[in-house]
Amino acid sequence: MRPTARAPKIAKAHLPLRAAVWVLTILLLAGLSATFFRISSAPGFSSVADLLQGVDAAANIVLLIGAGILSFSKLEESLRRKKGLALVHELKALAHVVDMHQLTKDPESVSGESSRTESSPKRTMTPFELGRYLDYSSELLSMIGKIAAIYARRLQDPVVLDAIDGAEDLTTGLSRKIWQKIAILSGQPSSTKS
């Protein structure tokens, strides 16, 4: 499924939970109406004790069914948050995979200034190929950050938005490290970035 299609699916209303909230709300209103109808039509309704007993019954109805309504509405929010955080976790994992694969792509390896050991990986890229590879890695990290921004547009949960900000910060930081390598490779000072 396309990344841009997943966020709207998560943000969509969970109809069974919404239906349960409506049913509980109707039950609450019906219970309150029935309680007040019984109190007002009771033949021996003349004492304060009868009134307090009716108010106690109404309060119990409000508390119990109100707790059910709150639970179902919080459950929908919790499910949405869980799915949103799973999406952001996937994006962060992708960013780390990109970072992991470019870690051995060192500018010194093509200039001949680095010393090799027996366990060093073979480095066969030319300076041009390495520069392109690093550039593509940076662009890929940028796209991952943009996908996170697309998720932010649809998922308005504050916890998910904080996680999305973290994913964007992660991709920006990793891209900055790659651009330092590109600057070293092209002979520019490492503080410049295009």
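Residues numbered from 1 in each chain as written. Predicted model: local features only at pLDDT ≥ 70, side-chain atom pairs only at ≥ 80, totals over all residues. Heavy atoms only, no water.

**Comments concerning the nonpolar core**
Here comes step 1: Counting 20 residues, the largest nonpolar core has Val88, Leu141, Tyr151 and Ile164 as the members making the most contacts within it.
Here comes step 2: With seven residues, the next largest nonpolar core counts Val21, Leu24, Leu32 and Ala58 among its residues. (Core = buried A, V, L, I, M, F, W, Y, C linked by side-chain atoms within 4.5 Å. Buried < 20%, exposed > 50% of the residue type's maximum accessible area, 1.4 Å probe, protein only.)

**Things to note about helix H6 (residues 158-185)**
Here comes step 1: If you check H6, its first and last C-alpha atoms are 41 Å apart, about what 28 residues at 1.5 Å a residue would give, namely 40 Å.
Here comes step 2: Those residues of H6 that sit buried are Val160, Ala163, Ile164, Ala167, Thr171, Leu174, Ser175, Ile178, Trp179, Lys181, Ile182 and Ala183.
Here comes step 3: Near the N-terminus of H6, the side chain that reaches the backbone nitrogen of valine 159, with its oxygen 3.0 Å away, is that of aspartate 157. (Helix = DSSP H or I, 4+ residues; strand = E, 2+ residues; numbered from the N terminus. Expected span 1.5 Å × (residues − 1). Polar contact = N/O pair within 3.5 Å; in protein donor to acceptor, adjacent residues only side chain to side chain.)

**Brief notes about the side chain of lysine 181**
Here comes step 1: By the secondary structure assignment, lysine 181 is in helix H6.
Here comes step 2: Within the local environment of lysine 181, its side chain forms a polar contact with the side chain of glutamine 102, the two groups lying 3.1 Å apart.
Here comes step 3: Excluding residues within four positions of it along the chain, lysine 181 makes contact with Gln102, Leu103, Lys105, Pro107 and Leu134. (Contact = heavy atoms within 4.5 Å.)

**Focus on the pattern of salt bridges**
Here comes step 1: All chains considered together, the criterion is met by five salt bridges.
Here comes step 2: One salt bridge in this structure joins arginine 80 and glutamate 76, with 3.1 Å as the shortest N-O distance. Residue arginine 80 and its partner glutamate 76 are both found in helix H3 (residues 48-102); the two are separated by four residues, about one turn of the helix.
Here comes step 3: A salt bridge links aspartate 157 to arginine 81, with the shortest nitrogen-to-oxygen separation between them at 2.8 Å. Of the two residues, aspartate 157 is situated in the loop between helix H5 (127-154) and H6 and arginine 81 in helix H3; the sequence distance between them amounts to 76 residues.
Here comes step 4: Residue aspartate 157 is classed as buried on the basis of its relative accessible area of 13%.
Here comes step 5: Each member of the salt-bridge network shares a partner with another, and the members are Lys74, Glu77, Arg81 and Asp157. (Salt bridge = Lys/Arg side-chain N within 4 Å of Asp/Glu carboxyl O.)

**Quick notes on H5**
Here comes step 1: Between its first and last C-alpha, H5 extends 41 Å over 28 residues, near the 40 Å set by a 1.5 Å rise per residue.
Here comes step 2: If you check which residues of H5 are buried, you get Leu130, Gly131, Leu134, Ser137, Ser138, Leu141, Ile144, Gly145, Ala148 and Tyr151.

**As for the confidence of the model for the chain**
Here comes step 1: Summary statistics for the chain give a mean pLDDT of 79 and a share of 78% for residues scoring 70 or more.
Here comes step 2: Taken element by element, the predicted model of the chain shows its lowest mean pLDDT in helix H1 (residues 3-11) (63) and its highest in H6 (91).
Here comes step 3: Note on residues 189-194: pLDDT under 50 across the span, and seven contacts to partners over four residues away in sequence or across chains. (pLDDT = per-residue confidence, 0-100.)

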